[in-house]
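Close look at the chain arrangement
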Amino acid sequence: MAPSAMRTATAALSAASLADARPVPYWLDDPARPGALPALTGDEHCDLLVIGGGYSGLWTALLAKERDPERDVVLIEGREVGWAASGRNGGFCAASLTHGFGNGLARWPGELRKLEELGERNLDAIEATVARYAIDCSFERTGEIDVATEPYQLDDLHELYEEATRLGRTGLEPLDRDAVRAEVDSPTFLGGLWDRRGVAMLHPAKLVWGLKRVCAELGVRVYENTRALELARAGAGARSPAGSCAGAGMAVRTPYGRVFAREVALGTNVFPSLVRRVRPYTVPVYDYALMTEPLTEAQCAAIGWRNRQGLGDSANQFHYFRITDDHRVLWGGYDAIYPYGGRLDTALNHRPETYLKLAGHFFRCFPQLEGVRFSHAWGGAIDTCSRFSAFFGTAYDGRVAYAAGYTGLGVGATRFGGEVMLDLLAGERTERTALEMVRSKPLPFPPEPAAWAGIGLTKWSLARADARGGRRNLWLRAMDRLGLGFDS
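Thresholds applied
- Residues numbered from 1 in each chain as written.
- Predicted model: local features only at pLDDT ≥ 70, side-chain atom pairs only at ≥ 80, totals over all residues.
- Heavy atoms only, no water.
- Helix = DSSP H or I, 4+ residues; strand = E, 2+ residues; numbered from the N terminus.
- Buried < 20%, exposed > 50% of the residue type's maximum accessible area, 1.4 Å probe, protein only.
- Contact = heavy atoms within 4.5 Å.
- Areas by Shrake-Rupley, 256 points an atom, 1.4 Å probe, with all protein chains shown as cover.
- Lys, Arg positive; Asp, Glu negative; His and termini not counted.
- Charge placed at Lys NZ, Arg CZ, Asp CG, Glu CD.
- Pairing = 2+ DSSP bridges.
- Axes fitted to C-alpha atoms, helices over the stretch in contact; angles between N-to-C directions.
- Polar contact = N/O pair within 3.5 Å; in protein donor to acceptor, adjacent residues only side chain to side chain.
- Salt bridge = Lys/Arg side-chain N within 4 Å of Asp/Glu carboxyl O.
- Parallel < 35°, antiparallel > 145°, perpendicular 65-115°, else oblique.
- Nonpolar A, V, L, I, M, F, W, Y, C, P; charged D, E, K, R; others polar.
- Core = buried A, V, L, I, M, F, W, Y, C linked by side-chain atoms within 4.5 Å.
- Left-handed = near helix turned anticlockwise from the far one by under 90°.
- pLDDT = per-residue confidence, 0-100.
- Expected span 1.5 Å × (residues − 1).

Turning our eyes to something else, we now look at the overall build of the chain. Across its full length, the chain holds 13 helices and 18 strands. Along the first, second and third principal axes, the C-alpha atoms of the chain reach 80 × 50 × 45 Å. Counting across all 488 residues of the chain, residues that qualify as buried make up 56%. Taking contacts inside the chain between residues at least 6 apart in sequence as the whole, the part at least 24 apart equals 77%. Summed over its atoms, the accessible surface of the chain is roughly 20100 Å², and 53% of this surface lies on carbon and sulfur atoms. Considering the chain, the positive charge centre built from 56 side chains and the negative charge centre built from 59 side chains are found 5 Å apart.

This is the structure:
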């Protein structure tokens, strides 16, 4: 078949596969989705106010009550808990706090061993929390395979394995072509590196809903559809409902009321921070995913995947993919769409041209699944920072703490971020707050139009590197030296 005819046939196959796809996140399209709790009306008083009802805020509220059950905690969410990134992601819960071993090695080589240890303990704690509170979120510690689809990526994975082994990392298993295809069969796979314990698969929305339930059971007062509009200092005269003085602290205005709190933890991530000086450190990048219909027994047998690992390819513009309880395949990534000016727009949650591209890539990876249709297609914004991993800080003389910039790996790392925020609010020097990673900030993004031009040039350069055997051009090498980056 001529190349032009092949492209036409592939486009037709991709379009047909998307014909019935619902433009909603698969995870949130669930009749068991809990209803929203009432909005805040009037004034509230508390010891700790948590702003944001995604993973970051929910973990912070839960940990605060576990540390001190008597602590009075309120959480407010602008819409419904988990409606944004926490309910739209791929469900990869990674131990890594640094957006992967390679990124951590490049940025914090001297403390990477400690960061890896803290990440492993954090994932263990998530697993223990899910079990302790009976959170039904399909938690499976099956690991993740980084697969090579180009020869140069085999060398990269080998170097990564050697460095990780040198630093004492365990649980990594190199896979040659036959071994990786015995796990998940794709003609595009040339080899892989299986991290057997460092990643768990889960249902992201059910984790959110479970955390919300647990927070309420522990005494956190949760208000949904309650957007935080303004953050300011409060006077010493604010009084609690019982009449005791709440002390000098913070006041947060909402559409129908106010919250007076001794301390505030900001888990707003991709949304503009209430601490204005934090805003230049993050930009929103829109990511997209598809979900197939349930595979038949024959289709499951054609691809294998008996061990249910998560997978990701090793390109700069990479795909992530996993299999669900009901034998659907989630396929996401590749495109990373930055809107000019960093604007957040719900219209950008859907991008048909990206869905077509992703569908074409899916059938190239799994030609044996030709004819499978996609049931859901969706997107959402990721809070991206220039070092790919979270940063932390305080404001208002230590009464406000924030964590942001998880860059797509927040399912697991947000729990660690909640611990850091609580440490910072307590004014404690801990093994977490002593980290250079916690004490330092990424480089901020420049104002427009420089941000738009720089991100666009970086995306073009990354795609060019993927097409040229991984060779990075002058622009990418300069960004590497500056500690800046941009990834799909």
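In this section: the sheet that holds strand β12 (residues 283-292). One open sheet accounts for 8 strands, arranged β5-β6-β4-β13-β14-β15-β12-β16; its pairing is mixed. The sheet is open, and its two edges are formed by β5 (172-175) and β16 (374-384), each paired on a single side. When the angles between neighbouring strand axes are averaged without regard to direction, this sheet yields 20 degrees. Bridge count between strand β13 (residues 310-313) and strand β14 (residues 319-323): 2 bridges; the pairing is antiparallel.

Before going further, it helps to spend a moment on helix α13 (residues 474-482). The backbone nitrogen of W475 lies 3.2 Å from a side-chain oxygen of the residue at the head of α13, namely N473. Where α13 ends, the next residue or the one after it, G483, has phi of about 80 degrees, a positive value.

What follows deals with the pairing of strand β2 (residues 73-76). Here β2 shows a buried face lined by V73 and L75 and a second buried face lined by V74 and I76. Bridging between strand β1 (residues 42-51) and β2 involves 4 bridges; their strand directions are parallel. By the bridge assignment, I51 is partnered in β2 with I76. Taken together, the 3 bridges between β2 and strand β8 (residues 221-223) define a ladder with parallel strand orientation. When the bridges of β8 are listed, I76 appears paired with Y223.

In this structure the tally under the stated criterion is 36 salt bridges. Close ionic contact of D185 with R181 constitutes a salt bridge, the shortest N to O distance being 2.6 Å. You can call D185 partly exposed: its relative accessible area is 22%. With a relative accessible area of 23%, R181 lands in the partly exposed category. Each of R67, R415, E419, D423 and R432 takes part in salt bridges that share partners, so that together they form one network.

Moving on, we get to the packing of helix α4 (residues 112-132) against helix α10 (residues 410-426). Running from N to C, α4 and α10 cross one another at 100 degrees; their axes reach a closest spacing of 9 Å. The angle between α4 and α10 places the two elements in the roughly perpendicular class. The segment α4 lies against α10, with L118, N122, A125 and I126 engaging V411, G412, A413, R415 and F416. Looking at side-chain class alone, the contact of α4 with α10 contains 6 nonpolar, 2 polar and 1 charged residues.

What is expected of a backbone is that most residues other than glycine have negative phi and most peptide bonds are trans. A cis amide bond links E448 with the next residue in sequence, P449, at an omega value of 5 degrees. Relative to the helices and strands, P449 is located in the loop between α11 (436-439) and α12 (450-467). Positive phi is not limited to glycine here, since N225 has a value of about 50 degrees.

Ranked by internal contacts, the top residues of the largest apolar core, which has 72 residues, are L48, I135, F139, L207, L211 and F392. Excluding anything up to four places from it in sequence, F392 contacts Y402, A403, Y406, F416, G417, V420, L424, M437, V438 and K441. Counting 35 residues, the second largest nonpolar core, distinct from the first, contains V184, F321, C365 and F366.

Next up on the list: the environment of Y402. Relative to the helices and strands, Y402 is located in strand β18 (residues 400-404). Overall, Y402 belongs to the buried group, its relative accessible area being 5%. Separated by 241 residues in sequence, Y402 and Y161 have C-alpha atoms that sit 34 Å apart.

Of note, N269 is situated in the loop between β11 (257-266) and β12. Side-chain polar atoms of N269 contact the backbone oxygen of G267, separated by 3.4 Å. Sequence-distant contacts of N269, that is, excluding residues within four places in its chain, are made with S56, D383, A403, A404 and Y406.

Take the packing of helix α2 (residues 55-67) against helix α7 (residues 204-217) next. α7 packs onto α2 with a crossing angle of 30 degrees between their chain directions and a minimal axis gap of 10 Å. Crossing of α2 against α7: the hand is left-handed. Taken together, the residues of α7 that come into contact with α2 (itself represented by Y55, L58, W59, A61 and L62) are P204, L207, V208, L211, K212, V214 and C215. Tallied by class, the residues present in the contact of α2 with α7 amount to 11 nonpolar, no polar and 1 charged.

A word on the side chain of T354. Among the structural elements, T354 can be located in helix α9 (residues 352-365). Looking at T354, the relative accessible area reads 1%, which means it is buried. Only 2.7 Å separates the side chain of T354 from the side chain of D335, close enough to count as a polar contact. There is a polar contact of 2.7 Å between the side chain of T354 and the side chain of R351. If sequence neighbours within four positions are ignored, T354 has contacts with Y288 and D335.

Bringing the confidence of the model for the chain into the picture now. Averaged over all residues, the pLDDT of the chain equals 93, while 95% of them reach at least 70. Note that pLDDT drops below 50 for residues 236-246; the model gives that stretch 16 contacts with residues more than four away or on any other chain.

Here α2 is 13 residues long and its end C-alpha atoms lie 18 Å apart, about the 18 Å a rise of 1.5 Å per residue gives. Where burial is concerned, most of α2 is hidden: 11 out of the 13 residues are buried. Listed as buried for α2 are Y55, S56, G57, L58, W59, T60, A61, L62, L63, A64 and K65. The elements touched by buried residues of α2 are β1, β2, α4, α7, β11 and α10.

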